[in-house]
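Next come the chains, spelled out residue by residue.
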Amino acid sequence: VILQRRRSYSSAKRARAPAPVVIQKIGDPAVAHRALVENADDFSNRPLAPFLRYLAERNGGRRGESLASVSHSPLWRAFRCNLTAETLHPSRLGHLAPLQREGIEALVASLSSSAAAAGEGAIPVREHLCNAVFPVIARLCFGDGVDGCHVRAMGSVIRSFQQIAVGEARASPGTLRARFAEWRRLRRLLALHGRLGELFLPLVAARRESRWPCNGLRPYVDSLIDLRVPVDGDDGGGRRGVRDDEMVNLFSEFLGAGAGTIGACLEWTLAHLVNRQDVQQKLREEVDGGDVFRRSLIRGMPYLNAVVLESLRLHPLVPFMQRHVQPDVAARVVGVGGTATVPAAAAAAGDVLVQFTLGDIGRDKHTWKDPDEFRPERFLPGGEAEDVGPLPGPREIRMMPFGAGHRFCPGSGVAMVNIKCFLAALVREFQWAPPTEDCAAVDLTELDTFIKTMKKPLSARLTPRVLL
Ligand code: HEM
């Protein structure tokens, strides 16, 4: 046992080196555009997360990739095309309506009963939002035959995994204590990863056995079972099926990236609506008139769209995006780094990390008027950002909550549809007020964890509306 532990410890140690060097945080939209759009090919790889490096070490160097981790290569193209052309294709998103309806009905019921139990008091809403959104994403992933218990178990393990993956470093870097803490963190992640495999792989096996129809949706699991990817990530050498270890990473990523971000965006947006009763009322007037499950009607709700964009501009859920680039490229494109300023060892290893801080880009004072103010009207016709959408256009970047360049978020469409649909229903069903009579505004302090969340989770007083 001791030998085994020592071996694991030394592989954790190897997994830590070489650490990439952070050379610059980019919060300037023009520099981000130069890097991610004009030099997209050079800025299309992310650094490998320490846990995936650790896993690869344990598997004799073989990496089990996810879409976010795989380098920009034929293997990435195969994974990416599969996800966007099959599961997340816009033509399929209309078929989400029954899942959304189920999620919203459950959410309204759980909020109503908590609000009734609290009487005049406030209720915390985060847990309700997460519990309602996760099943929608889980069923998009595995089809609608997965039972609620299984879905809840997946949600809980994914959340623990994310919490531990970004766990705070409490000891000084480089000390024995810090190395031990890191080793323990990797071991805990390994255990959770194993648990995810136990939850996912039986569902894959069941789906291989029989494919019951999913009402026009193409569950991610089906597309991955059918997918053939280049052998060794290379287009020249034949095709193979997706391995189990890759499936586990791809499902974890889909569920982790999909559900938490949508829930957090809803929480941020509701917090602003609590603070700005005038915006809440204006939004309600728009959503009261339409069926929130019909995509065509949601598309025709410009104020709803503006409210969500304004929330994403102020609080992009991914605090920062990373790119792993060559030192000479970093020097040429973002104006720093290069062998002159990057420590020689890092330059020799070619390990340069560029971080784009999405919050700074969305609040850039040269781009936005009153950048810290929540003002959805800026996205309406005649406003300073009437032509700005969730994804940056080819000419400039003004905000990029879903990233930019080759690796932008493939889930932006499904995320926007779900956020709008849930938000419209929540505003139609409830009046949202601050937690107490004397609370002037809820606290909007941000906390950057795996995603950008409210440091103090939202509590609000909810009054069910009588709908005619
Ligand atoms: C409000 C919700 C969401 C936000 C704000 C968000 C944001 C982001 C951002 C900023 C990136 C990095 C982009 C880059 O590096 O250029 C990303 C990547 C990614 N997101 Fe999302 N995301 C959301 C929802 C989703 C959903 C619903 C899914 C899937 C169901 C998803 C799947 C992914 C994947 C797989 C990647 C990696 C793509 C690649 O490397 O090719 N995301 N997301």
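Calculation rules
Per chain, the residues get numbers from 1 upward, laid out in the order the sequence is written. Totals for whole chains, interfaces and linings use all residues, but because this is a predicted model, local features are given only for residues with pLDDT of at least 70 and pairs of side-chain atoms are given and counted only at 80 or more. Strands here mean DSSP runs of E at least two residues long; helices mean DSSP runs of H or I at least four residues long; both are numbered from the N terminus. Residues are treated as contacting if the C-beta atoms built from their backbones sit within 7 Å of each other. Being near a molecule or strand means, for a residue, that its C-beta atom, positioned from the backbone, comes within 6 Å of it. Charged means Asp, Glu, Lys or Arg here, nonpolar means Ala, Val, Leu, Ile, Met, Phe, Trp, Tyr, Cys or Pro, and polar covers whatever is left, Gly included. Strand pairing is assigned whenever DSSP identifies at least 2 bridges connecting the two strands. How far a helix is expected to stretch is found by multiplying one less than its residue total by 1.5 Å. Once C-beta atoms are placed from the backbone, each residue is buried if 20 or more other C-beta atoms lie within 10 Å of its own, exposed if 12 or fewer, and partly exposed for counts between those two. Directions are taken from the helix axis to each C-beta atom, and the arc is the one they span. Joined through C-beta atoms within 7 Å, a set of buried Ala, Val, Leu, Ile, Met, Phe, Trp, Tyr and Cys residues constitutes a nonpolar core. Angular values range over 0 to 180 degrees, each being the angle between N-to-C directions of two axes fitted as lines to C-alpha atoms, with helices fitted over their stretch in contact. An angle below 35 degrees is read as roughly parallel, one above 145 as roughly antiparallel, one from 65 to 115 as roughly perpendicular, and any other as oblique. A residue's pLDDT is the confidence the predictor assigns to it, expressed on a 0 to 100 scale. UniProt positions are given in the numbering used here, feature names are shortened, and annotations may be inferred rather than shown by experiment.

Caption draft 1: Quick look at the overall build of the chain. Summing up its helical and strand segments, the chain has 19 helices and 10 strands in all. In the chain, of all internal contacts separated by at least 6 residues, the share reaching a separation of at least 24 is 75%.

Caption draft 2: Broad picture of the site of the ligand. As a structural note, the neighbourhood of the ligand is formed by 25 residues, with Gly 258, Thr 261, Gly 403, Cys 409 and Gly 411 the closest of them. Within the residue set of the shell around the ligand, elements represented by two or more residues are helix H11 (244-275) and helix H19 (412-429). Residue contributions to the shell around the ligand peak at seven residues, all from H11. Grouping the amino acids of the shell around the ligand by side-chain chemistry returns 17 nonpolar, five polar and three charged.

Caption draft 3: Spotlight on the sheet that holds strand E2 (residues 123-124). With respect to topology, three strands assemble into an open sheet ordered E2-E10-E7, the strand pairing being antiparallel. Looking at the sheet topology across the chains shown, the edges are occupied by E2 and strand E7 (430-433). Two strands pair when backbone bridges link them, and E7 and strand E10 (residues 459-464) are joined in this way by four bridges, in the antiparallel orientation. Looking at the pairing, Ala 433 lines up with Arg 461 of E10.

Caption draft 4: Summary view of helix H6 (residues 97-118). Between its terminal C-alpha atoms H6 stretches 31 Å, which fits the 32 Å expected from 22 residues at 1.5 Å a residue. Regarding H6, the residues found buried are Leu 99, Gln 100, Gly 103, Ile 104, Leu 107, Leu 111 and Ala 115. Buried residues in H6, looked at end-on, bunch into an arc of 120°, giving them a common side. For H6, the exposed residues set more than 90 degrees away from the buried face come down to Glu 105, Ala 109, Ser 113, Ala 116 and Ala 117.

Caption draft 5: Just the environment of Lys 365, in detail. With respect to the secondary-structure elements, Lys 365 resides in the loop between helix H18 (358-362) and H19. Sequence-wise, Lys 365 and Asp 28 are 337 residues apart; in three dimensions their C-alpha atoms are separated by 9.9 Å.

Caption draft 6: Layout of the pairing of E10. Taken together, the two bridges between E2 and E10 define a ladder with antiparallel strand orientation. Directly across from Ile 123, in E10, lies its bridge partner Ala 460.

Caption draft 7: Expanded view of the nonpolar core. Cys 141 and Leu 270 are the most contacted members of the largest nonpolar core, which has 124 residues in total. With 17 residues, the single largest contributor to this core is H11.

Caption draft 8: View of the packing of helix H9 (residues 176-209) against H11. Packing of H9 against H11 brings their axes to within 10 Å, and their N-to-C directions diverge by 105°. Compared by their axis directions, H9 and H11 come out roughly perpendicular. When H9 is examined against H11, the residues Leu 196, Gly 197, Phe 200, Leu 201 and Val 204 are found in contact with a partner set consisting of Asp 244, Met 247, Val 248, Phe 251 and Ser 252.

Caption draft 9: Molecular detail of the confidence of the model for the chain. Averaged over every residue, the pLDDT of the chain is 88; residues scoring 70 or more account for 87%. In this model, residues 1-18 is a region of pLDDT below 50 whose contacts with residues beyond four sequence positions or in other chains number 18 contacts. In the predicted complex, the global pTM is 0.91; the interface-specific ipTM is 0.98.

Caption draft 10: Structural context of unusual backbone geometry. Phi at Asp 370 is positive, roughly 45°, even though this residue is not glycine. Take Asp 370: it is sitting in the loop between H18 and H19. Taking the C-beta count within 10 Å as the criterion, Asp 370 has 11 such neighbours and is therefore assigned exposed.

Caption draft 11: Inspection of the packing of helix H7 (residues 126-142) against helix H8 (residues 148-165) at higher detail. In contact at an axis separation of 10 Å, H7 and H8 are set at 105° when each is read in the N-to-C sense. Our classification of the angle between H7 and H8 gives roughly perpendicular. Judged by residue contacts, Phe 134, Pro 135 and Ala 138 of H7 engage Val 151, Met 154 and Gly 155 from H8. Partitioned by chemical class, the residues of the contact of H7 with H8 number five nonpolar, one polar and no charged.

Caption draft 12: Examining the UniProt feature "binding site: heme" (unreviewed entry) in the chain more closely. UniProt records the feature "binding site: heme" (unreviewed entry) for Cys 409 in the present numbering. Locating Cys 409 in the fold gives a position in the loop between H18 and H19. Residue Cys 409 is classed as buried on the basis of its 22 C-beta neighbours within 10 Å. Beyond its immediate sequence surroundings of up to four residues, Cys 409 is in contact with Phe 402 and Gly 403.

Caption draft 13: Focus on helix H12 (residues 277-287). Residues Val 279, Leu 283 and Val 287 constitute the buried set of H12. Each buried residue of H12 sits inside an arc of 65° when the element is viewed along its axis, so together they form one side. The exposed set on the far side of H12, more than 90 degrees from its buried face, consists of Asp 278, Gln 281 and Glu 285. Each element contacted by the buried residues of H12 is listed here: H11, helix H14 (302-314) and H19.

Caption draft 14: Structural detail: the environment of Thr 463. Note that Thr 463 resides in strand E10. The class for Thr 463 is exposed, based on 12 C-beta atoms found within 10 Å. In this structure, the C-alpha to C-alpha distance between Thr 463 and Leu 55, residues 408 residues apart in sequence, is 49 Å.

Caption draft 15: Fine view of the pairing of strand E6 (residues 352-357). Burial of E6 is one-sided: the residues Val 352, Val 354 and Phe 356 facing one way are buried, the residues Leu 353, Gln 355 and Thr 357 facing the other way are not. The pairing of strand E5 (residues 320-325) with E6 spans six bridges and is classified as antiparallel. Bridge pairing in E6 links His 324 to Leu 353.

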